[in-house]
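What follows is each chain in one-letter form.
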Amino acid sequence: MTTTTLEEPVRKAPPGTAAREPRRPGRLRRVSLPYLLLLPALLLELLVHLIPMVIGIVMSFKELTQFYIRDWGTAPWSGLANYRMSVDFDAPVGEALLHSFFVTVGFTLLSVALCWLIGTAAAIYMQDTFRGRGLLRALFLIPYALPVYAAVITWVFMFQHDNGLVNHVLHDQLHLTDKPSFWLIGDNSFYALLTVSVWKGWPFAFLIVMAGLQNIPGELYEAAALDGAGIWQQIRRITLPSLRPVNQVLLLVLFLWTFNDFNTPYVLFGKSAPEAADLISVHIYQASFVTWNFGTGSAMSVLLLLFLLVATGAYLLLTSRGRRAADV
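Note that residues are indexed from 1 along each chain, following the sequence as it is written. In view of the model being predicted, local features appear only for residues whose pLDDT reaches at least 70, and side-chain atom pairs are presented and counted only at 80 or more, with totals across whole chains, interfaces and linings using the full set of residues. Only hydrogens and water are set aside; all other atoms, that is, all heavy atoms of the structure, feed into the side-chain values.

Draft legend 1. Local environment of the overall build of the protein chain. Each helix is a run of DSSP H or I of at least 4 residues and each strand a run of E of at least 2, with the numbering of both proceeding from the N terminus. The number of helices and strands found in the protein chain is 14 helices and 0 strands. Ordered by position in the sequence, the α and β elements of the protein chain form the string α-α-α-α-α-α-α-α-α-α-α-α-α-α. We call a residue buried when its accessible area falls under 20% of the maximum for its residue type, exposed when it is over 50%, and partly exposed in between, using a 1.4 Å probe and counting protein chains only. The burial tally for the protein chain puts 33% of its 328 residues in the buried class. Contacts are residue-level and defined by heavy atoms, with any inter-residue pair within 4.5 Å sufficient. Put simply, 65% of the contacts in the protein chain that link residues at least 6 apart link residues at least 24 apart. Areas reported as accessible are Shrake-Rupley estimates using a 1.4 Å probe. Residue values count occlusion only from the protein chains shown. As presented, the protein chain carries roughly 21900 Å² of accessible surface, and 66% of it is formed by carbon and sulfur atoms.

Pasting the structure below:
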C-alpha cells in the first residue's frame with residue numbers, strides 16, 4: 001500500500017522581476033532597537049530643556065511678580081509689555097540691560113581670544129617630544145577638570161584685598177602697585193573675572209587643538225623644513241590652515257559657553273555683581289530672583305536666546321562661505 005503526499009506547486013516569479021524575500025520580524029526589531037534605546041535620552045532632554053524653555057517663553061508674556069509666584073498661571077497677560085520695557089534703552093531697565101550686554105560682549109571676545117591663543121600655543125608646544133611632556137599635559141588640564149565652585153572660590157581668596165595672594169605678589173613682592181588693589185569691586189572686577197574665565201577655559205581649547213594637530217601629517221613639516229621654512233612659516237602655512245575646521249567649531253563653542261557663563265561671576269561676586277563685571281547672565285538672574293519680576297527676566301532670557309541664535313547662524317553662514325571659497 002503506497003501513500004501519496006500532495007506538495008504545493010512552487011510559484012515562480014514572472015520573468016524580468018526579482019524574487020522578494022519574506023519579511024523577517026527580527027530585522028524589524030534590529031532596525032527599531034537603536035531608536036528605542038535613544039528614546040529615554042530624548043524624553044529626558046524634553047523634560048530638562050524644551051519644556052522649561054516653552055514655560056519661560058510663556059512667562060515672558062505675563063505680568064509675573066512675587067504676588068503670583070505660588071500660582072503663576074493666574075498672572076495677568078501683559079503681551080509685549082515686558083519686551084518693550086527690556087528694549088527701552090532710555091528707561092532705567094533697558095539702559096541697565098544694554099550696559100550689561102556691552103560688558104558681556106567685550107568680556108566674551110577677550111576671553112575667547114585669550115583662551116584660543118593660549119590653548120593653541122600650548123598645544124603646538126606640546127607637539128615636540130621632551131621629558132615630562134605627559135605630566136605637563138596633565139597639569140595643563142587641571143583648571144578644566146576642577147569643579148567650577150572649588151576653582152572660583154580659590155580665586156576669591158586669592159583676590160582678597162588684605163591677605164590675598166594676588167596683592168601680596170603684585171604689591172609686597174614685585175612693587176608694581178602703590179597700594180593693594182580691590183579686585184572684587186570697582187573697575188578691577190572686570191579684569192578679575194576675565195582672569196578667572198581664561199584660566200578656567202584655555203585648557204579646553206588646548207585639548208581640542210591638540211587633538212586636531214594629531215591629524216596633520218608630519219611629512220608636511222618635514223618637507224617644509226627641507227624647503228627652508230621656519231617655525232612661524234610652518235605655523236602660518238600648515239598648522240593654522242589645517243586647523244581651520246577645528247577652530248571654527250572651537251570658537252563657536254567657547255563663545256556660547258562664555259556668553260552664557262553664570263557660575264563664574266556668581267561664585268566670584270555673589271548675587272550683586274559690580275557694574276564693571278555685570279554680565280548679562282547675572283543681570284537676568286537679578287531681574288528675576290532679586291527684584292522678583294519674573295516676567296521681565298523671562299523676556300530678557302528670550303531676547304538673549306534670539307541674539308545667540310542670530311549670532312550662531314551668522315557665524316555658521318560666514319564660515320561656510322569661507323570654506324567654499326577656500327575649496328574653490
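Draft legend 2. Main features of the nonpolar core. In terms of nonpolar packing, the biggest core is built from 41 residues, with Phe159, Leu193, Phe206, Leu254 and Leu268 touching the most fellow members. Broken down by secondary-structure element, the contributors of at least two residues to this core are α3 (92-125), α6 (148-158), α8 (188-213), α11 (244-259) and α12 (263-269). Look past the residues within four positions of Phe206 in its chain and what remains in contact with it is Gly119, Ala122, Ala123, Met126, Arg137, Phe140 and Leu141. Joining through side-chain atoms within 4.5 Å is the link that ties buried Ala, Val, Leu, Ile, Met, Phe, Trp, Tyr and Cys residues into a set, and such a set is a nonpolar core. The next biggest cluster of nonpolar side chains, apart from the first, holds 9 residues, and it includes Phe255, Ile280, Ala287 and Leu308.

Draft legend 3. Structural context of the environment of Leu110. Secondary-structure assignment places Leu110 in helix α3. The class of Leu110 is partly exposed, set by a relative accessible area of 40%. A C-alpha to C-alpha distance of 7.8 Å links Leu110 and Leu194, two positions 84 residues apart in sequence. Excluding anything up to four places from it in sequence, Leu110 contacts Phe190 and Leu194.

Draft legend 4. Geometry of the packing of aromatic side chains. Each aromatic pair joins two rings of Phe, Tyr and Trp (for Trp, the six-membered one) with centres within 6.5 Å, and gets the label stacked for planes under 30 degrees apart, edge-to-face for over 60, and tilted for any other angle. One pass over the structure, following the stated rule, counts 24 aromatic pairs. Taken together through their ring pairs, the aromatic side chains of Phe262, Tyr266, Tyr285, Phe289, Trp292 and Phe294 make up a single cluster.

Draft legend 5. Here's a closer look at the confidence of the model for the protein chain. Across the protein chain, pLDDT averages 86, with 89% of residues at or above 70. Scored below 50 in pLDDT, residues 1-8 shows 0 contacts in the model against residues more than four places distant or in partner chains. Each residue carries a pLDDT score, the predictor's own confidence in it, on a scale running from 0 to 100.

Draft legend 6. Representation of α11. Here α11 spans 22 Å end to end across 16 residues, near enough to the 22 Å set by a 1.5 Å rise per residue. Turning to α11, its buried residues are Asn247, Gln248, Leu250, Leu252, Leu254, Phe255, Thr258 and Phe259. By this rule, a helix spans an expected 1.5 Å times one less than how many residues it contains.

Draft legend 7. Structural view of unusual backbone geometry. The backbone of His175 shows a phi angle near 55°, a positive value even though the residue is not glycine. One can find His175 in the loop between α7 (165-173) and α8. Given a relative accessible area of 61%, His175 falls into the exposed group. In this structure, Trp292 is a non-glycine residue whose phi angle is positive, near 60°. Take Trp292: its relative accessible area is 40%, and that puts it in the partly exposed class.

Draft legend 8. How the structure looks around the environment of Ala113. Residue placement: Ala113 occurs in helix α3. Classification of Ala113 by relative accessible area gives partly exposed; the value is 42%. A sequence separation of 141 residues divides Ala113 from Leu254, and the C-alpha atoms of the two residues are 9.3 Å apart.

Draft legend 9. Focus on the packing of α8 against α11. Simply put, an axis is a line fit to the C-alpha atoms, just over the touching stretch for a helix, and the angle between two N-to-C directions goes from 0 to 180 degrees. At their nearest, the axes of α8 and α11 sit 10 Å apart, and the two run at 160° to each other. The angle between α8 and α11 places the two elements in the roughly antiparallel class. As α8 runs across α11, the sense of the crossing is right-handed. Across from Ser197, Gly201, Phe204, Ala205, Ile208, Val209 and Gly212 in α8, the residues of α11 making contact are Val246, Asn247, Leu250, Val253, Leu254, Trp257 and Thr258. Should an angle fall under 35 degrees it is taken as roughly parallel, and over 145 as roughly antiparallel, whereas 65 to 115 is taken as roughly perpendicular and any remaining angle as oblique. Put simply, a crossing is left-handed when the front helix is turned counterclockwise from the back one by less than a right angle, and right-handed when it is turned clockwise.

Draft legend 10. Representation of the environment of Arg133. Relative to the helices and strands, Arg133 is located in helix α4 (residues 133-140). Arg133 gets classed as partly exposed once you look at its relative accessible area, which sits at 22%. When near neighbours in sequence (up to four residues on either side) are disregarded, Arg133 contacts Met126, Gln127 and Asp128. Within the structure, the side chain of Arg133 is placed 3.4 Å from the backbone oxygen of Gln127, a separation counted as a polar contact. We call two N or O atoms a polar contact when they sit within 3.5 Å, provided that within protein one can donate a hydrogen and the other can accept it, with sequence-adjacent residues counted only if both atoms are side-chain atoms.

Draft legend 11. Here's a closer look at the side chain of Asn82. Locating Asn82 in the fold gives a position in helix α2 (residues 81-87). Asn82 sits in the buried class, given a relative accessible area of 5%.

Draft legend 12. Structural context of the side chain of Thr264. The topology assignment puts Thr264 in helix α12. Setting aside anything within four residues of it in sequence, one finds Thr264 in contact with Val148, Val152, Leu193, Val196 and Lys200.

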